[in-house]
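Residue-level structural notes
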Amino acid sequence: MSNKEELLQKIADKELTVGVIGLGYVGLPLAVCFAAKKVKVLGFDTSSERVSKLNSGDNYISDIDDNKLASLVQQERFNATNDFALLGECNAIFICVPTPLDKFKKPEMSFIENACGQIGANLQPGTFISLESTTYPTTTEEFVLPILEKESKLKEGEDFWLAYSPERVDPGNKEYSTQNTPKVLGAISNDGLEIGKAIYSIAVEELYPVSSPRIAEMVKILENTYRLVNISLINELALLAGKMDINIWEVIDAAATKPFGFQPFYPGPGIGGHCIPLDPFYLEHIARKFNFDLSMIHTAGHIDLLMAHRMTVKITSALNRQKKAINGSKILFLGVAYKPDINDERESPALKIMEEVENKGGEVSYHDPYISAVTLGSGSRFESREMAEPVLAAADCVVITTNHKSFDADFIEKNSKLIVDLRNVIKEASDKVYKL
């Protein structure tokens, strides 16, 4: 029996072992999906704290049911480890590690490189490997593949199979999860695509195969760049509308009545999360190798980079109208999560604005029901304050940076002296309520 036939038989019998490298917002939900289908899953992470928590059934991802994870651990369907030698026991390996940007806004590939080194050192013939981390097109074929073949001395297409399937995790989304979100899959070889479809079909309801990994990589970049360009557009229009005394929210609501050719995007203080603020830089990185200028995407990214400063200017202007300077004023931020009703502050615009306000001498504090403490890039650490009348009343300016559903607009407006509403939580502007 060939390696391919043997693996397909294990898949059909659900006797395979799945390995997931990186147990964050992407990797842990994927691991849980497979384990819930009675597949043995090994979760790999360099964080001893995460490994210890998970093996105790302690969940830290809000989109995963606490009892479900605890049950899977108790049934020994899922086990976390930082012993990467155990990758040799896995028939399928999914790479779900971070891909941040370095200080020069270039893709930081060390996490993927380290994961591939560990896989290569322990890789056994007959293994399927899929990269899920967000990255630039050609990564799978030109970066991941050479490392795997060099470290393992094995040949892709004969001894193992390599694919790319972009993560589509939307934290806080109650309708779409890892299991029921259609999964794009591109493999280097036809056999790899066949095997990948068989493996992913265990845990994911719908698959959409494409012709190559670079197609799948570009799909992810397209999805997020589409959002970046449109959000940057509406943010810029919102700033103009404010100068013209035009309510941009009313404009959007009216435009959205058109039943074709328009999709509403809503303004805010900037774009957060791991993907949308970073993807354009991945694309620019590879575009330079082809001597291609992504002028529209570059402009959209530039608009987003300026939003924190523009919001600080808006806060300063609101205080000036009250005959107060930002230096020495007490500024309370409501919400530091990058989107409503989640405990995720990655790349949150609120943190960037808080840091700039602090640099200008503002006395910064915040309230967020989902995030108990944050540390700014400056190193300053803050703990969430209570949403209470005295806390609001003591602030010289209250800045609404995240529109959590738990925020009571009437309570905030009643008890605050000055409000800068960047999320349209308070529907009407007034002498003490300034809109984006």
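Higher on the page you've got the structure.
From a predicted model like this one, the values you see are computed outputs, not experimental measurements.

1. Some details on the layout of surface pockets
Put simply, the second largest pocket is a space of about 670 Å³. Lining the second largest pocket we find 24 residues, and of these Gly242, Lys243, Lys314, Lys435 and Leu436 sit closest to its centre. Among the secondary structure elements, those contributing two or more residues to the lining of the second largest pocket are α8 (213-243), α9 (248-255), α11 (295-321) and β15 (433-435). Element by element, the count of residues in the lining of the second largest pocket is highest for α11, at six residues. Partitioned by chemical class, the residues of the lining of the second largest pocket number twelve nonpolar, four polar and eight charged.

2. With respect to the sheet that holds strand β8 (residues 207-210)
Taking strand neighbours across the sheet as the criterion, the eight strands line up as β3-β2-β1-β4-β5-β6-β7-β8 in an open arrangement whose pairing is mixed. Since the sheet does not close on itself, it has two edges, and those belong to β3 (78-81) and β8, each with one partner. Sheet twist, expressed as the mean angle between neighbouring strand axes with direction ignored, is 25°. With four bridges connecting them, strand β2 (residues 40-44) and β3 associate as parallel partners. Counterpart to Gly43 in the pairing with β3 is Ala80. Set on the sheet, helix α5 (residues 110-122) makes contact with β1 (17-21), β4 (92-95) and β5 (127-131); between it and β4 the angle comes to about 165°. The sheet strands contacting helix α6 (residues 139-152) are β5 and β6 (160-164), and the helix crosses β6 at an angle near 155°.

3. With respect to a positive patch on the surface
On the surface, Lys14, Lys37, Lys38 and Lys68 cluster together into a patch of positive charge. Position of Lys14 relative to the elements: it lies in the loop between α1 (3-13) and β1. For Lys14, a relative accessible area of 39% puts it in the partly exposed group.

4. A look at unusual backbone geometry
Unusually for a residue other than glycine, Asn291 sits at a positive phi of about 55°. By the secondary structure assignment, Asn291 is in the loop between α10 (279-289) and α11. We classify Asn291 as exposed; its relative accessible area is 76%. Positive phi is not limited to glycine here, since Glu347 has a value of about 55°. In this fold, Glu347 is placed in the loop between β9 (330-334) and α12 (349-359). In this structure Glu347 comes out as partly exposed when scored by relative accessible area, which is 34%.

5. With respect to the sheet that holds β9
Strand order in the open sheet formed by five strands is β10-β9-β13-β14-β15, and the pairing between neighbours is parallel. With partners counted over all chains shown, the strands left at the sheet margins are β10 (363-367) and β15, one partner each. Pairs of neighbouring strands in the sheet enclose a mean axial angle of 20°, with direction left out of account. Examined bridge by bridge, strand β13 (residues 397-400) and strand β14 (residues 419-421) share three bridges and lie parallel to one another. Pairing of Val399 across the sheet is with Val420, part of β14.

6. Examining the environment of Asn190
Mapped onto the secondary structure, Asn190 falls in helix α7 (residues 190-203). Its relative accessible area of 68% is what places Asn190 among the exposed residues. Distance in space between the C-alpha atoms of Asn190 and Ser211 is 8.9 Å, their sequence separation being 21 residues.

Quick notes on the rules
- Residues numbered from 1 in each chain as written.
- Predicted model: local features only at pLDDT ≥ 70, side-chain atom pairs only at ≥ 80, totals over all residues.
- Heavy atoms only, no water.
- 1 Å grid on protein atoms, 1.4 Å probe; cavity = no way out; pocket = protein on both sides within 12 Å on 5 of 7 lines; lining within 4 Å.
- Points joined across faces, edges and corners; volume = space filled by probe spheres on them.
- Helix = DSSP H or I, 4+ residues; strand = E, 2+ residues; numbered from the N terminus.
- Nonpolar A, V, L, I, M, F, W, Y, C, P; charged D, E, K, R; others polar.
- Pairing = 2+ DSSP bridges.
- Axes fitted to C-alpha atoms, helices over the stretch in contact; angles between N-to-C directions.
- Contact = heavy atoms within 4.5 Å.
- Patch = residues over 30% accessible without salt bridge, like charges linked within 9 Å, V, L, I, M, F, W, Y side chains within 5 Å.
- Areas by Shrake-Rupley, 256 points an atom, 1.4 Å probe, with all protein chains shown as cover.
- Salt bridge = Lys/Arg side-chain N within 4 Å of Asp/Glu carboxyl O.
- Lys, Arg positive; Asp, Glu negative; His and termini not counted.
- Charge placed at Lys NZ, Arg CZ, Asp CG, Glu CD.
- Buried < 20%, exposed > 50% of the residue type's maximum accessible area, 1.4 Å probe, protein only.

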